[in-house]
Amino acid sequence: MQKKQPLLITTGEPAGIGMDIVLILAAENKLQDFARPVWVTADAKAMQTRADELMAAGVLKSCPPWQTVDVNIEANNFLKHLSQQGADDNNAFILLNISCVAPVTSGLINISNSAMVAKQLEIAHKLANDKTVAAIVTGPLQKSALIEAGIKLPDGTMFSGHTEFFMQQSGCEKVVMMLANQVMKVALVTTHLALKDIPAAITADNVRQTVQIVVDDMREKFGLAQPRILVCGLNPHAGEGGHLGTEEIEIINPVLQEFISAGVDISEAMPADTLFTSRHLSNCDAVIAMYHDQGLPVLKSHGFGDTVNLTLGLPYIRTSVDHGTALDLAGRGGASATSLYQALIMANEMADRSIVDIPLA
Ligand SMILES: NC(=O)c1ccc[n+]([C@@H]2O[C@H](COP(=O)([O-])OP(=O)(O)OC[C@H]3O[C@@H](n4cnc5c(N)ncnc54)[C@H](O)[C@@H]3O)[C@@H](O)[C@H]2O)c1
Ligand SMILES: N[C@H](C(=O)O)[C@H](O)COP(=O)(O)O
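Residues numbered from 1 in each chain as written. Chains lettered and ligands numbered in written order. Predicted model: local features only at pLDDT ≥ 70, side-chain atom pairs only at ≥ 80, totals over all residues. Heavy atoms only, no water.

S.K.: Is there a simple way to think about the domain arrangement of the chain in this case?
M.R.: Often, the extent of an interface is quoted as the loss of accessible area upon association of its parts. Entries for the chain in the domain assignment read domain 1 (1–172 + 314–361) and domain 2 (174–313). On a C-alpha basis, the centroid separation for the pair domain 1 and domain 2 is 29 Å. In this complex, domain 1 contributes 23 residues to the contact, which on the side of domain 2 involves 23 residues. Surface buried jointly by domain 1 and domain 2 totals about 1,900 Å² across both partners, of which 56% is contributed by carbon and sulfur atoms. Considering only the side of domain 1, the residues that lose the most area to domain 2 are Thr163, Leu314 and Asp322, jointly responsible for 32% of the buried surface there. Where domain 1 packs against domain 2, one counts 0 salt bridges. Run the count over domain 1 and domain 2 and you get 12 residue pairs in polar contact (both at pLDDT 80 or more). (Domains from an automatic or database assignment. Contact = heavy atoms within 4.5 Å. Buried area = accessible area lost by both parts, 1.4 Å probe. Salt bridge = Lys/Arg side-chain N within 4 Å of Asp/Glu carboxyl O. Polar contact = N/O pair within 3.5 Å; in protein donor to acceptor, adjacent residues only side chain to side chain.)

What follows is the structure in structure tokens.
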């Protein structure tokens, strides 16, 4: 029987809950809900230790079955490289082993292991870019650990997140971070920026590229022919007619008018405080917010744990959990795997909708 391409999960920071949530889904047989193999990047020894800890904590009744293979990313044919190691799909997942240099302690960051986290992202990009895997589903990483370890983005600037890493590694000029749950979808014009740097990043080009990517991907990835989009202003009361800031008048609205004239169902800049009310949300498919903490706290207050983070505008599918490394919970229990499960469902649906899905021989 021909199989579909795998979903690849990166477990991210080994001291965080990335491995815990994979093990929880595997133990509940939820990784088998997709008609696709599931591959997981992690350190094999650390995964076994984490499973032992979770069994001791009573979170897992037994150790879920997985198969470990070593990763040679330089292999011309990655599938052949795996099959030469006897990889098969009779287990909950295939663990692509990427070794940590230092022992892993649950809940305790060791920046010596940050290179292993970065390696997971490089491997994920390569396998998604050459269509060996159907989609990347990322677990949480600790941005500060990568920064403190001296790991940079591909362009040599400070590491700031998966979104920026995959954008640069793919050679994209712009991608869009969107978080989605049952209540709303929120896309951001700017991502991981200090608050003081945001006004300068709200340029006509940035707003235009963001709207275009959101419109295109709402059509392609969510199957909405005419998405209804509402846009937040940058300033309180969307600038109060220019008395509380002029970005709406000078930058944001002229760009939005271009889209309105072209027939896109999009608002002008609206006061963010009242945009996020049920009257408006019930009549829109996506909100565009100007910056991270304008949109995400509202969204996460309506479904933290059931939200998916996705990157629009990439040449491949990437979804992610909505939470961070939760160091306080790693190896102890209490971590919910629901966001990872939702991220897998969304990635699988997008891959099924995509025409690039190639059956494996
Ligand atoms: N996808 C990602 O890679 C991602 C996303 C958000 C934050 N982060 C990073 O994670 C690190 C820690 O960030 P933070 O402390 O702000 O956020 P966090 O999400 O790690 O933790 C916030 C709170 O939520 C709880 N929590 C988080 N995930 C949970 C889960 N699955 N189940 C139950 N409770 C959960 C934690 O215990 C904590 O109390 C930072 O370095 C941040 O940059 C990474
Ligand atoms: N902004 C994301 C959130 O709050 O969930 C998170 O920092 C992860 O971002 P990346 O996917 O770019 O790592």
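S.K.: Any chance you could explain the packing of helix α8 (residues 204–220) against helix α9 (residues 247–261) here in plain terms?
M.R.: Geometrically, a packed helix pair is captured by the angle between its two axes and the distance between the axes. At a closest axis distance of 9 Å, the pairing of α8 and α9 adopts a crossing angle of 40°. The two elements α8 and α9 cross, and the hand of that crossing is right-handed. Within the contact between the two elements, α8 uses Ala204, Val207, Arg208, Val211 and Gln212 and α9 uses Ile251, Val255, Leu256, Glu258 and Phe259. (Axes fitted to C-alpha atoms, helices over the stretch in contact; angles between N-to-C directions. Helix = DSSP H or I, 4+ residues; strand = E, 2+ residues; numbered from the N terminus. Left-handed = near helix turned anticlockwise from the far one by under 90°.)

S.K.: Any chance you could explain the packing of aromatic side chains here in plain terms?
M.R.: How two aromatic rings sit relative to each other is set out by the distance from centre to centre and by the angle between their planes. Applying the stated criterion across every chain yields a total of 5 aromatic pairs. With centroids separated by 5.5 Å and ring planes inclined at 15°, the aromatic side chains of Trp66 and Phe93 adopt a geometry described as stacked. Placement of Trp66 in strand β3 (residues 66–70) and of Phe93 in strand β4 (residues 93–97) is noted, with a sequence separation of 27 residues between them. Phe93 carries the same exposure label as Trp66, and that label is buried. Between the aromatic rings of Phe166 and Tyr316, the centroid separation amounts to 6.2 Å while the plane-to-plane angle is 85°, which identifies the pairing as edge-to-face. Taken as a pair, Phe166 in helix α6 (residues 162–169) and Tyr316 in the loop between β11 (308–312) and β12 (317–320) lie far apart in primary sequence, 150 residues in all. Judged by its relative accessible area of 5%, Tyr316 falls in the buried class. Each member of the aromatic cluster is reached from another via a ring pair, and the members are Phe165, Phe166 and Tyr316. (Phe/Tyr/Trp six-rings, centres within 6.5 Å; stacked < 30°, edge-to-face > 60°. Buried < 20%, exposed > 50% of the residue type's maximum accessible area, 1.4 Å probe, protein only.)

S.K.: When you look at the pairing of strand β6 (residues 176–180) in this model, what are you seeing that I'm missing?
M.R.: A regular strand carries its side chains on alternate faces of the sheet. For β6, the buried fraction is high: 5 of the 5 residues fall into the buried class. Neither face of β6 is open: one carries Val176, Met178 and Ala180, the other Met177 and Leu179, and all of them are buried. Inspection of the sheet shows β6 paired to β11 by 5 bridges, in the antiparallel sense. Following the sheet pairing, Met177 is matched in β11 by Thr311. Where β6 meets strand β7 (residues 185–188), 3 bridges bridge the pair, whose relative direction is antiparallel. Counterpart to Met178 in the pairing with β7 is Ala187. Between β6 and β7, which follow one another and run antiparallel, lie 4 residues. (Pairing = 2+ DSSP bridges.)

S.K.: Before we go on, may I ask you to explain helix α4 (residues 114–129) in this structure?
M.R.: Owing to its 3.6 residues per turn, the α-helix aligns residues three or four sequence positions apart on the same side. Given a rise of 1.5 Å per residue, 16 residues ought to cover 22 Å, and the 23 Å separating the end C-alpha atoms of α4 matches this to within 8%. Backbone geometry just downstream of α4 places Lys131 in the positive-phi region, at approximately 65°. (Expected span 1.5 Å × (residues − 1).)

S.K.: Sorry if this is basic, but what is going on with the site of ligand 2 here?
M.R.: In the vicinity of ligand 2 there are 14 residues, among which His162, Thr163, His292, Lys300 and Arg318 approach most closely. Note that an oxygen atom of ligand 2 is positioned 2.9 Å from one of the side-chain N or O atoms of Lys143. For ligand 2, an oxygen atom lies 2.9 Å from a polar atom in the side chain of Lys300. Expressed as a share of its isolated accessible area of 350 Å², the protein-covered part of ligand 2 is 89%. At the level of elements, α6, β6 and α12 (292–300) are the ones that each hand at least two residues to the shell around ligand 2. A per-class count over the shell around ligand 2 returns 3 nonpolar, 6 polar and 5 charged. When we break the shell around ligand 2 down by domain, the ones giving at least three residues each are domain 1 (1–172 + 314–361) and domain 2 (174–313). (Near = heavy atom within 4 Å. Areas by Shrake-Rupley, 256 points an atom, 1.4 Å probe, with all protein chains shown as cover. Nonpolar A, V, L, I, M, F, W, Y, C, P; charged D, E, K, R; others polar.)

S.K.: What is the right way to read the side chain of Ser114 from this model?
M.R.: Looking at where Ser114 falls in the secondary structure, it is placed in helix α4. Within polar-contact distance, the side chain of Ser114 engages the backbone oxygen of Ala145 at 3.4 Å. Once residues within four sequence positions are removed from consideration, Ser114 is found in contact with Ala145, Leu146, Ala149 and Ile151.

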